[in-house]
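Chain by chain, the residues run as shown.
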Amino acid sequence: MKRILFILLIIGAFSCNQSTSNQKNTTPQEQAALTPNDGVLVHITHGAEDPQYPIMGLIMAKNMMIKKKDVLVYLDIRGIEMVLKEGSKIEFKGHTPGKYLQELISNNIPVVVCPGCLMAMDKTPEDLIEGVVLKDEEQFFNFTKGRIVTFDY
């Protein structure tokens with residue numbers, strides 16, 4: 001029994017040493033390339049009734065995009081107000097959603113809305129600004145290969 005335990009200890013030590021030596025041979029850049037990018041889901045539920053929430057959510061999405069994170073902006077409840085063609089009255093300290101939305105959309109950051117919430121507002125997909133789409137289950141859950149970090153606004 002002692003001999004079996006000794007052999008298992010040697011095998012375990014050899015295995016640990018191998019994985020450690022393999023990690024030592026990779027540069028930080030190579031290790032980063034092997035690690036999936038984390039995704040950031042920015043969930044915005046507020047609209048004109050409390051404009052700081054949606055503006056801060058869009059700023060967070062933009063900042064995460066600049067940091068090269070995978071980003072998805074999800075709008076539901078009153079958050080949908082800022083992506084309607086009819087225009088939004090959302091403004092907070094000189095910031096409006098339009099500039100941030102266009103920058104996100106032009107950089108291929110998905111901006112998606114809840115279909116049920118859109119319907120509850122008596123709106124259709126045709127009422128949305130260009131580039132904004134209805135939630136698609138595949139896109140919604142597969143926009144990143146890493147972890148999903150969620151920010152709610």
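One can find the structure itself at the top, above this paragraph.
Described below are features of the structure shown in this document. As the structure is a prediction and not an experimental result, all values here were calculated from the model. (Residues numbered from 1 in each chain as written. Predicted model: local features only at pLDDT ≥ 70, side-chain atom pairs only at ≥ 80, totals over all residues. Heavy atoms only, no water.)

1. Observations concerning the nonpolar core
Okay, step 1: Of all hydrophobic cores here, the largest spans 37 residues; its most connected members are Val73, Leu75 and Val83.
Okay, step 2: Every element with two or more residues in this core is listed here: β1 (39-44), α3 (52-66), β2 (70-75), α4 (97-106), β3 (111-113) and α5 (115-120).
Okay, step 3: With seven residues, α3 is the largest single contributor of residues to this core.
Okay, step 4: Other than its neighbours up to four places away in sequence, Val83 contacts Leu75, Leu101, Val111, Val113, Asp127, Leu128, Ile129 and Val132. (Core = buried A, V, L, I, M, F, W, Y, C linked by side-chain atoms within 4.5 Å. Buried < 20%, exposed > 50% of the residue type's maximum accessible area, 1.4 Å probe, protein only. Helix = DSSP H or I, 4+ residues; strand = E, 2+ residues; numbered from the N terminus. Contact = heavy atoms within 4.5 Å.)

2. Quick notes on the sheet that holds strand β4 (residues 132-134)
Okay, step 1: Within the open sheet, the five strands sit side by side as β4-β3-β2-β1-β5. Their pairing is parallel. The open sheet has two edge strands with one neighbour each: β4 and β5 (148-152). On average, each strand axis in the sheet is inclined to that of its neighbour by 25°, with strand direction left out of account.
Okay, step 2: The sheet contact formed by β2 and β3 spans three bridges and is parallel. Opposite Leu75, over in β3, you have Val113 as the bridge partner.
Okay, step 3: Sitting on the sheet, α3 touches β1, β2 and β5, and the angle it makes with β1 is about 165°. (Pairing = 2+ DSSP bridges. Axes fitted to C-alpha atoms, helices over the stretch in contact; angles between N-to-C directions.)

3. Considerations on the pattern of salt bridges
Okay, step 1: In the structure shown here, the tally under the stated rule is six salt bridges.
Okay, step 2: Residues Glu49 and Arg78 are paired through a salt bridge, measuring 4.0 Å at the closest nitrogen-oxygen approach. Within this pair, whereas Glu49 is found in the loop between β1 and α3, its partner Arg78 is found in the loop between β2 and α4, the two being separated by 29 residues in sequence.
Okay, step 3: Judged by relative accessible area, which is 41%, Glu49 ranks as partly exposed.
Okay, step 4: The partly exposed category is assigned to Arg78, whose relative accessible area is 37%.
Okay, step 5: The partner of Lys62 in a salt bridge is Glu103, and the shortest N-O contact between them spans 3.7 Å. (Salt bridge = Lys/Arg side-chain N within 4 Å of Asp/Glu carboxyl O.)

4. Thoughts on the environment of Gly47
Okay, step 1: With respect to the helices, strands and loops of the structure, Gly47 is situated in the loop between β1 and α3.
Okay, step 2: Overall, the relative accessible area of 0% leaves Gly47 in the buried class.
Okay, step 3: Sequence separation between Gly47 and Glu81 is 34 residues, and the spatial gap between their C-alpha atoms is 5.9 Å.
Okay, step 4: Residues in contact with Gly47, not counting those within four places in the same chain, are Pro54, Arg78, Gly79, Glu81 and Ile90.

5. Quick notes on α4
Okay, step 1: Here α4 has its buried residues at Pro97, Tyr100, Leu101, Leu104 and Ile105. Seen from one end, α4 has its buried residues packed into an arc of 125°, which puts them on one side. Pointing more than 90 degrees away from the buried face of α4 are the exposed residues Lys99 and Ser106.
Okay, step 2: Looking at the buried residues of α4, the elements they touch are α3, β2, β3 and β4.
Okay, step 3: Just downstream of α4, Asn108 is the residue with a positive phi angle, here 60°. (Arc of directions from axis to C-beta.)

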